[in-house]
Amino acid sequence: MLSWIFGLFMGTTEDETRKTKEKAKSQNEGRWNKEDKERTTNNPRLLSAEEGKQAKEAKEQTQQILSDVLKKKESLLVEDPKEFEHCKKKNDFCPLLTTDLVKDLMQELVKVTFAKNTDPVQDIRVNAYVYPGSEDRTIYLCALFWEIEPESRSRQRTIIHEVSHFLGYGHTVQENSDRVQKSPQSMLCPLDSYKLALAFTYYMDHPGTYRDGSYSCCGETSRDTVCEKSKMAEKLRLLRKMIPRIYGPEEDTDSAIEMCSSFEESDEEVDTAVLEKKLKRPVKRQTDSMKTKTNLQKTQIHQEKTRANWQKALANWGKALANRGKALANREKALANREKALANREKALANREKALANREKALANWGKALANWEKALANWEKALANREKALANWEKALANREKALANL
């Protein structure tokens, strides 16, 4: 009876999940295609020398982390996905990774280049973004990326998150590409880009602190490494140790996974005897697992709606900021034109003032010329008067001469 109810529940849930996946996938592909078409308007700039140096360091640190994961794959990775087929039912608690996925990430990371984002909407939304459908492997770094503390692993987490998009991983499991959904990783443990990045920078991270050139948990001297005593390693160790011993190879192991995940956030040693005792109630655990899965699905739907509303609000806010920026740019342009007009007016006034000064100078020279002319006329008049006086004297002399001649 219980198995029939479980089968009915799982059938209904699978139909709803399949419809949700198809809808999310079509929406995601449409969004990516739209972003690819709008890419030419983004006009990214080259990074400055300091930004390029920091981005290169973050990439090298990420490559060192992935390389160290492969070195410690026996403790942190799964070679054969069939080893933990049960993780399909508990993927939220079991972020196990395959070796092939880490190799694919490393291959894509080698091709990655960086550019500076110039879209103000993206600067207030994300640390970085990519165009998964493009041929190049460019990660566009936003303003929030440079605010991240370099010593933390947030920059490496951001880079892994963006590189996973090139492999086809979406922001939710439903948005993953067909290639990813059919991959061995999805057979082992379906992941989205967020959980995948956390697997390296949280679940595989050192539980101890880095002091005096080494980690306190394992003695590792290199900073950009993962730990064989991490939460991921502990989980794999428990699964490989407890499941074959408590259950046969044909038994359901959901309860073991749930119990192992309950110790995920604890730094204390696990009491194996207590764990074995609690794992001897598979039927009750199976019912609780169904209820937990239903609650998780409801929570996931609510989170997706909240995320969509938040993204819509941020998009509207970004659009309003863009319009405001455009209005400010137009106002600045108008002020520049007004300032230019005032400059031209001042130049015209200066030219007019110069012309008036030249006119006054010309008038002064003309007045001086008139004064000289008047002086010349006065001298001429004086000369004429002297000549007239001379003529009068001459006339008088002639008269005296005539009179003298008459007396003769």
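As the structure is a prediction and not an experimental result, all values here were calculated from the model.

K.L.:
Honestly, the overall build of the protein in this entry has me stumped. Any pointers?
P.N.:
Looking only at helices and strands, the protein features 14 helices and five strands. A buried classification covers 33% of the 408 residues belonging to the protein. Across the protein, every contact between residues at least 6 apart in sequence was considered, and the portion connecting residues at least 24 apart equals 69%. In the structure as shown, the protein presents an accessible area of about 26500 Å², 53% of it carried by carbon and sulfur atoms.

K.L.:
Which parts of the structure should I look at to understand the pattern of salt bridges?
P.N.:
When the charged atoms of two side chains lie near each other, side chains of opposite charge can form a pair. All chains considered together, the criterion is met by eight salt bridges. A salt bridge links Arg-237 to Glu-234; the nearest nitrogen and oxygen atoms lie 2.6 Å apart. Linking Arg-237 with Glu-234, this pair stays in helix H11 (residues 231–246), spanning three residues, or about one helical turn. Residue class for Glu-234 comes out partly exposed when judged on its relative accessible area of 27%. One salt-bridge network, in which partners are shared between bridges, spans Asp-68, Lys-72 and Glu-220.

K.L.:
Where do I start with the nonpolar core in this structure?
P.N.:
The nonpolar side chains of a soluble globular protein tend to be buried with one another. Of all hydrophobic cores here, the largest spans 44 residues; its most connected members are Leu-96, Leu-97, Leu-105, Ile-139, Leu-196, Phe-200 and Met-204. For this core, the secondary-structure elements that each account for two or more residues are helix H2 (49–71), helix H4 (99–110), strand E3 (138–141), helix H7 (154–167), helix H10 (193–203) and H11. Contact partners of Leu-196, with chain neighbours within four places excluded, come to Leu-101, Leu-105, Ile-160, Ser-164, Tyr-169 and Leu-191.

K.L.:
Teacher, can you tell me more about the packing of H2 against H4 here?
P.N.:
When two helices pack together, their arrangement is captured by the angle between the axes and the distance separating the axes. Closest axis-to-axis distance for the H2/H4 pair is 10 Å, and the angle between their directions is 155°. Relative to H4, the element H2 lies roughly antiparallel. As H2 packs across H4, the resulting crossing turns out to be left-handed. In this structure, H2 uses Lys-59, Thr-62, Gln-63, Leu-66, Ser-67, Val-69 and Leu-70 to contact H4, whose residues at the interface are Thr-99, Val-102, Lys-103, Leu-105, Met-106, Leu-109 and Val-110. Tallied by class, the residues present in the contact of H2 with H4 amount to eight nonpolar, four polar and two charged.

K.L.:
Any chance you could explain the sheet that holds strand E2 (residues 128–129) here in plain terms?
P.N.:
Strands pair in a sheet through their backbones, by hydrogen bonds, and they do so in one of two ways: parallel or antiparallel. Spatially, three strands are ordered E1-E3-E2 in an open sheet, and the strand pairing comes out mixed. Either end of the sheet is taken by a strand with one partner, and the two such strands are strand E1 (113–116) and E2. Most of the contacts of H7 go to E3, to which it runs at about 140°, and overall it touches E1, E2 and E3.

K.L.:
How do you make sense of H2 when you look at a structure like this?
P.N.:
Spacing of three or four residues puts side chains on the same side of an α-helix, whose turn is 3.6 residues. In this model, H2 (23 residues) spans 33 Å end to end at C-alpha, consistent with the 33 Å of a helix rising 1.5 Å per residue. Every buried residue of H2 is listed here: Glu-51, Ala-55, Ala-58, Lys-59, Thr-62, Ile-65, Leu-66, Asp-68 and Val-69.

K.L.:
How do you make sense of the packing of aromatic side chains when you look at a structure like this?
P.N.:
For any pair of aromatic rings, geometry is given as the distance between the ring centres together with the angle between the planes. Tallying each qualifying case throughout the model produces six aromatic pairs. Considering the side-chain rings of Tyr-129 and Tyr-131, the 5.8 Å spacing of their centres and the 85° angle between planes classify their relative orientation as edge-to-face. Among the residues examined, Tyr-131 registers a relative accessible area of 7% and is labelled buried. Geometrically, the ring pair formed by Tyr-202 and Tyr-203 is edge-to-face, given 4.9 Å between the ring centres and 80° between the ring planes. For Tyr-202, a relative accessible area of 32% corresponds to the partly exposed category.

K.L.:
What should I look at first to understand the environment of Val-69 in this one?
P.N.:
Here Val-69 lies in helix H2. Val-69 sits 33 residues away from Val-102 along the chain, and the two C-alpha atoms are 7.9 Å apart. The residues touching Val-69, leaving out its near neighbours within four places in the chain, are Leu-77, Val-102, Phe-200, Met-204 and Val-226.

K.L.:
Please explain a nonpolar patch on the surface as it appears in this structure.
P.N.:
Residues Leu-363, Trp-366, Leu-370, Trp-373, Leu-377, Trp-380 and Leu-384 make up a contiguous nonpolar surface patch of roughly 810 Å² in combined accessible area. Mapped onto the elements, Leu-363 comes out in helix H14 (residues 282–407).

K.L.:
Would you mind going over the side chain of Ser-230 with me for this structure?
P.N.:
Tracing the sequence through the fold places Ser-230 in the loop between strand E5 (214–215) and H11. From its side chain, Ser-230 meets the backbone oxygen of Cys-227 in a polar contact 2.9 Å long. Discounting chain neighbours no more than four positions away, the residues touching Ser-230 are Leu-76, Tyr-203, Met-204, Asp-205 and Pro-207.

K.L.:
Help me out: how do you make sense of the pairing of E3 in this one?
P.N.:
Two faces make up the sheet, and in a regular strand the side chains alternate between them. Across the two faces of E3 the burial is the same, with Thr-138 and Tyr-140 and Ile-139 and Leu-141 all buried. Relative to E3, E1 runs parallel, the two sharing four bridges. Directly across from Ala-115, in E3, lies its bridge partner Tyr-140. Two elements, E2 and E3, share two bridges in a ladder whose sense is antiparallel. What sits directly across from Ala-128, in E3, is Leu-141.

Rules and cut-offs
Residues numbered from 1 in each chain as written. Predicted model: local features only at pLDDT ≥ 70, side-chain atom pairs only at ≥ 80, totals over all residues. Heavy atoms only, no water. Helix = DSSP H or I, 4+ residues; strand = E, 2+ residues; numbered from the N terminus. Buried < 20%, exposed > 50% of the residue type's maximum accessible area, 1.4 Å probe, protein only. Contact = heavy atoms within 4.5 Å. Areas by Shrake-Rupley, 256 points an atom, 1.4 Å probe, with all protein chains shown as cover. Salt bridge = Lys/Arg side-chain N within 4 Å of Asp/Glu carboxyl O. Core = buried A, V, L, I, M, F, W, Y, C linked by side-chain atoms within 4.5 Å. Axes fitted to C-alpha atoms, helices over the stretch in contact; angles between N-to-C directions. Parallel < 35°, antiparallel > 145°, perpendicular 65-115°, else oblique. Left-handed = near helix turned anticlockwise from the far one by under 90°. Nonpolar A, V, L, I, M, F, W, Y, C, P; charged D, E, K, R; others polar. Pairing = 2+ DSSP bridges. Expected span 1.5 Å × (residues − 1). Phe/Tyr/Trp six-rings, centres within 6.5 Å; stacked < 30°, edge-to-face > 60°. Patch = residues over 30% accessible without salt bridge, like charges linked within 9 Å, V, L, I, M, F, W, Y side chains within 5 Å. Polar contact = N/O pair within 3.5 Å; in protein donor to acceptor, adjacent residues only side chain to side chain.

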